[in-house]
Amino acid sequence: MKKQNNNQLLMTLLKGRTFIVLIILVIFFSFAAKSFLSVATLTMVAKHVALYGILGLGMTFVIITGGIDLSVGSVVGLTGMLAGGMIQEGLTIGSKTLYFNVPAIIVIMCIFGILVGAVNGLIVTKLGVAPFIATLGTMYICRGFANLRSGGATFSKLGGYEALGNTGFKALGSNFLGIPAGVYVFVILAVIAAILLKKVPFGWYVLAVGGNEKSARLSGIKADKIKIFVYMISGFCAAWVGIINTAQLNAAHPASGDGWEMNAIAATVLGGTSMAGGSGTIIGTIVGAFVIGVINDGMTMCGVSEFWQKVIRGLVIILAVVIDQTQRNLQAKMALQARNESK
């Protein structure tokens, strides 16, 4: 009985590990960096958390199905370059150049992100390519096109032109009532994602496909369509991050979003989404995004080298996967004990 109680206590700690780590990190950096709890710093952290969190929302759906999307960081860079180019240079078709207002640019970029996700999904499901390889390929393709769009140059000062009706892009990078606009987008998308995952049949199908794809197919679930759709969600989220990040910087650079796929994966796995598929929560990913944002900005404020930051982020991902495996093994052990005691 005592051993069972210890197992239950350990399971409770494992389930709440991300929130516990977040509290510890906030306390640590509040002492290590004197201005960490200032309004300016917290606003900066909120901006970054929103970007990592939005990427993490899409990544959550993909990883639950047992996949991975390494292309999201490159999609961030490419959509930013495309949006910046459309504001500064418009879209040239033949001898005509078309200029779009900001809402139209946002819609076009979101559709583009969805299409990239659809391509990833089709390569994985119809061509049978492993998700890691498929999205690694699209990662390089998108990054290459981001550089080709401007020859590696930056689109700067994206205020638009009154005469062309394309002003207002910078508003997406501004603060409203002291809160970054990206945070509002993050909250809206998080609510939608939570409803999709837990309140509608689509979410149940996603969990079923990740838990046991063969059983899901036998029960009538169209697993390939579900997989394609989750990659489309991931591409959609990446496009939003590209738009917001470009607006915050008021500039588009081909290297934007470089390595951010690792932040998204880390936030998702830290939040409890299993790399083996079949389980995950949006709330967990949100808390995971806060952990990654606090770690990144806290280390920067403490003067930690960017090289060491990469080492630490890698260790965080490995540790998250090890803890997830420990939790799964403990759950299986407790379930076996419960069955033995019921006999």
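Everything here concerns the structure above.
These numbers were taken from a predicted model, which means no experiment stands behind them. (Residues numbered from 1 in each chain as written. Predicted model: local features only at pLDDT ≥ 70, side-chain atom pairs only at ≥ 80, totals over all residues. Heavy atoms only, no water.)

(A) Main features of the overall build of the protein. Within the protein, the secondary structure is distributed over 13 helices and six strands. Against the compact-globule benchmark of 20 Å for 343 residues, the protein has a radius of gyration of 21 Å, which places it among compact chains. When the backbone C-alpha atoms are referred to their principal axes, the protein occupies close to 80 × 55 × 35 Å. With 343 residues in all, the protein has 46% of them scored as buried. (Helix = DSSP H or I, 4+ residues; strand = E, 2+ residues; numbered from the N terminus. Rg over C-alpha atoms; globule rule 2.2 N^0.38 Å. Buried < 20%, exposed > 50% of the residue type's maximum accessible area, 1.4 Å probe, protein only.)

(B) Quick look at the nonpolar core. Ranked by size, the top nonpolar core spans 87 residues in total, and within it I54, L55, L57, F61, F169, V230 and W240 carry the most contacts. Examining the composition of this core, we find that 13 residues originate from one element, helix α3 (residues 39-64), more than from any other. (Core = buried A, V, L, I, M, F, W, Y, C linked by side-chain atoms within 4.5 Å.)

(C) Geometry of helix α4 (residues 72-88). Spanning 17 residues, α4 covers 24 Å between terminal C-alpha atoms, matching the ideal 24 Å at 1.5 Å per step. With 15 of 17 residues buried, α4 lies mostly within the body of the structure. Looking one or two residues beyond α4, the residue adopting positive phi is G90, at roughly 75°. (Expected span 1.5 Å × (residues − 1).)

(D) View of a nonpolar patch on the surface. Together, W308, V311, I312, L315, I318 and V322 give the surface a local cluster of nonpolar side chains, amounting to about 580 Å² of exposed area. By the secondary structure assignment, W308 is in helix α13 (residues 306-342). For W308, a relative accessible area of 55% puts it in the exposed group. (Patch = residues over 30% accessible without salt bridge, like charges linked within 9 Å, V, L, I, M, F, W, Y side chains within 5 Å. Areas by Shrake-Rupley, 256 points an atom, 1.4 Å probe, with all protein chains shown as cover. Salt bridge = Lys/Arg side-chain N within 4 Å of Asp/Glu carboxyl O.)

(E) Structural context of the packing of helix α5 (residues 102-125) against helix α6 (residues 131-150). The N-to-C vectors of α5 and α6 enclose an angle of 145°; their axes lie 9 Å apart at closest approach. You can see that α5 and α6 cross each other, and the crossing is right-handed. Residues V116, N120, I123 and V124 of α5 form the contact with α6, whose participating residues are P131, A134, T135, T138 and C142. Residues that form the contact of α5 with α6 fall into these classes: six nonpolar, three polar and no charged. (Axes fitted to C-alpha atoms, helices over the stretch in contact; angles between N-to-C directions. Left-handed = near helix turned anticlockwise from the far one by under 90°. Contact = heavy atoms within 4.5 Å. Nonpolar A, V, L, I, M, F, W, Y, C, P; charged D, E, K, R; others polar.)

(F) The pattern of salt bridges, seen in detail. Counted according to the given criterion, the structure contains six salt bridges. Residues E306 and R313 are paired through a salt bridge, measuring 3.2 Å at the closest nitrogen-oxygen approach. Given a relative accessible area of 39%, E306 falls into the partly exposed group. Residues joined in a network through salt bridges with shared partners are K126, E213, R217, D224 and K227.

(G) View of the environment of G165. With respect to the secondary-structure elements, G165 resides in the loop between β3 (155-156) and β4 (175-176). Look at G165 and you get partly exposed, because its relative accessible area is 40%. Sequence separation of G165 and G84 is 81 residues, and the distance between their C-alpha atoms is 15 Å.

(H) Focus on helix α7 (residues 181-198). Along its 18 residues, α7 runs 26 Å from first to last C-alpha, staying within 8% of the 26 Å computed at 1.5 Å per residue. For α7, every residue scored as buried is listed here: A181, G182, V183, V185, F186, L189, A190, A193 and L197. In the core, the buried residues of α7 are packed alongside α3, β4, β5 (179-180), α8 (201-211), α10 (223-249) and α12 (282-301).

(I) Just the side chain of T18, in detail. Structurally, T18 can be placed in helix α2 (residues 17-32). We classify T18 as buried; its relative accessible area is 9%. Each residue touching T18, except ones within four places of it in the same chain, is listed here: L270, G271, V287, G288 and V291.

(J) The arrangement of unusual backbone geometry in detail. One non-glycine residue, K157, adopts positive backbone phi at about 50°. Here K157 shows up in the loop between β3 and β4. K157 sits in the exposed class, given a relative accessible area of 71%. Not every positive phi belongs to a glycine, and L177 is a case in point at roughly 55°. Along the chain, L177 falls in the loop between β4 and β5.

(K) Seen up close, the side chain of R313. Structurally, R313 is set in helix α13. A relative accessible area of 19% means that R313 is categorised as buried.

(L) How the structure looks around the packing of aromatic side chains. Under the definition given, this model contains five aromatic pairs. Each ring, one from Y52 and one from W260, has its centre 5.9 Å from the other, and the planes form 90°; the classification is edge-to-face. Residue Y52 is located in helix α3, and its partner W260 is located in helix α11 (residues 260-270); the two are separated by 208 residues in the primary sequence. (Phe/Tyr/Trp six-rings, centres within 6.5 Å; stacked < 30°, edge-to-face > 60°.)

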